[in-house]
Amino acid sequence: EDQVTQSPEALRLQEGESSSLNCSYTVSGLRGLFWYRQDPGKGPEFLFTLYSAGEEKEKERLKATLTKKESFLHITAPKPEDSATYLCAVPGQSYNTDKLIFGTGTRLQVFP
Amino acid sequence: GAVVSQHPSWVICKSGTSVKIECRSLDFQATTMFWYRQFPKQSLMLMATSNEGSKATYEQGVEKDKFLINHASLTLSTLTVTSAHPEDSSFYICSAGLGTGRNQPQHFGDGTRLSIL
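What you see is a predicted model, and the numbers here were worked out from it, not measured in a lab. (Residues numbered from 1 in each chain as written. Chains lettered and ligands numbered in written order. Predicted model: local features only at pLDDT ≥ 70, side-chain atom pairs only at ≥ 80, totals over all residues. Heavy atoms only, no water.)

1. With respect to the sheet that holds strand β8 (residues 76-81) of chain B
Residue and element names in this part refer to chain B.
Stage number 1. The antiparallel open sheet is built from four strands, whose spatial order is β1-β3-β8-β7. The strands lining the two open edges of the sheet, one partner per strand, are β1 (4-7) and β7 (67-73). Between one strand and the next, the sheet's axes are offset by a mean angle of 15 degrees, whatever the strand orientation.
Stage number 2. Where strand β3 (residues 19-25) meets β8, six bridges bridge the pair, whose relative direction is antiparallel. The residue of β8 that forms the bridge with Ile21 is Leu79. (Pairing = 2+ DSSP bridges. Helix = DSSP H or I, 4+ residues; strand = E, 2+ residues; numbered from the N terminus. Axes fitted to C-alpha atoms, helices over the stretch in contact; angles between N-to-C directions.)

So this is what it looks like as structure tokens:
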């Protein structure tokens, strides 16, 4: 069964304190992995797509990496405005659907 | 690009009322849109897949007669919560894919907070 697990569930960082968020997945035949940011009371905002092991994507203080089993979202020198819930998702196993399977997210809080 | 607009953003209504939520893709055409429900501090739960010009596909446990979905054009899908009750109170979010092929990310609206009194 396709599954996505994110850790930690919650993360508190001091401003400038770099860290990483983990997304582990079990799907047969990965067809992409997506990272989203969700602010309270808002819909998820698309951040990155990764398609193959070894691929990396960067945007400002965020860098996403992908291996055959997991993805990491590295946050370098975070600022309070980086506080949000970060979600990862993968397409479901069935090839006749565009359904996404989401992890439960990591709630990040960055304190000044 | 890939902007999805959802309306209204917040609804408060009495029990027994039917509520319609609109989801529009503003700068692209979406043959498929998705409707999610999210409870506080939980992840998104897919309710149904909305296909333009055909019937929606509902996830297991989601009542088709309760949550009516219409996808009449390539840029608009609507979710109607019929005879809403307090237990239907939740955050409803729609999304759409660019439709240029499989394995594309979905782009989300800003959600609708539904409160049933």
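2. Observations concerning the layout of surface pockets
Stage number 1. When its volume is computed, the largest pocket comes out at roughly 420 Å³.
Stage number 2. Every residue lining the largest pocket is counted, 22 residues in all, and those nearest its centre are Gln38, Pro40, Thr85 and Arg107 of chain A together with Lys41 of chain B.
Stage number 3. Elements that contribute at least two residues to the lining of the largest pocket include exactly β9 (84-91) and β11 (106-111) of chain A.
Stage number 4. Residue composition of the lining of the largest pocket, grouped by class: seven nonpolar, ten polar and five charged. (1 Å grid on protein atoms, 1.4 Å probe; cavity = no way out; pocket = protein on both sides within 12 Å on 5 of 7 lines; lining within 4 Å. Points joined across faces, edges and corners; volume = space filled by probe spheres on them. Nonpolar A, V, L, I, M, F, W, Y, C, P; charged D, E, K, R; others polar.)

3. Examining the interface of chain A and chain B
Stage number 1. With 23 residues of chain A in contact, the opposing surface of chain B contributes 22 residues.
Stage number 2. Between chain A and chain B the total buried area reaches about 1800 Å² when both faces are included, carbon and sulfur atoms providing 52% of it.
Stage number 3. With a closest N to O distance of 3.9 Å, Asp110 of chain B and Lys42 of chain A form a salt bridge.
Stage number 4. Counting the contacts that link chain A with chain B gives four residue pairs in polar contact (both at pLDDT 80 or more).
Stage number 5. Sorting the residues of the side of chain A that touches chain B by element identifies β4 (33-38), β5 (45-50), β9 and β10 (100-102) of chain A as the ones contributing at least two each.
Stage number 6. If one sorts the elements of the side of chain A that touches chain B by residue count, β4 of chain A sits on top with three residues. (Contact = heavy atoms within 4.5 Å. Buried area = accessible area lost by both parts, 1.4 Å probe. Salt bridge = Lys/Arg side-chain N within 4 Å of Asp/Glu carboxyl O. Polar contact = N/O pair within 3.5 Å; in protein donor to acceptor, adjacent residues only side chain to side chain.)

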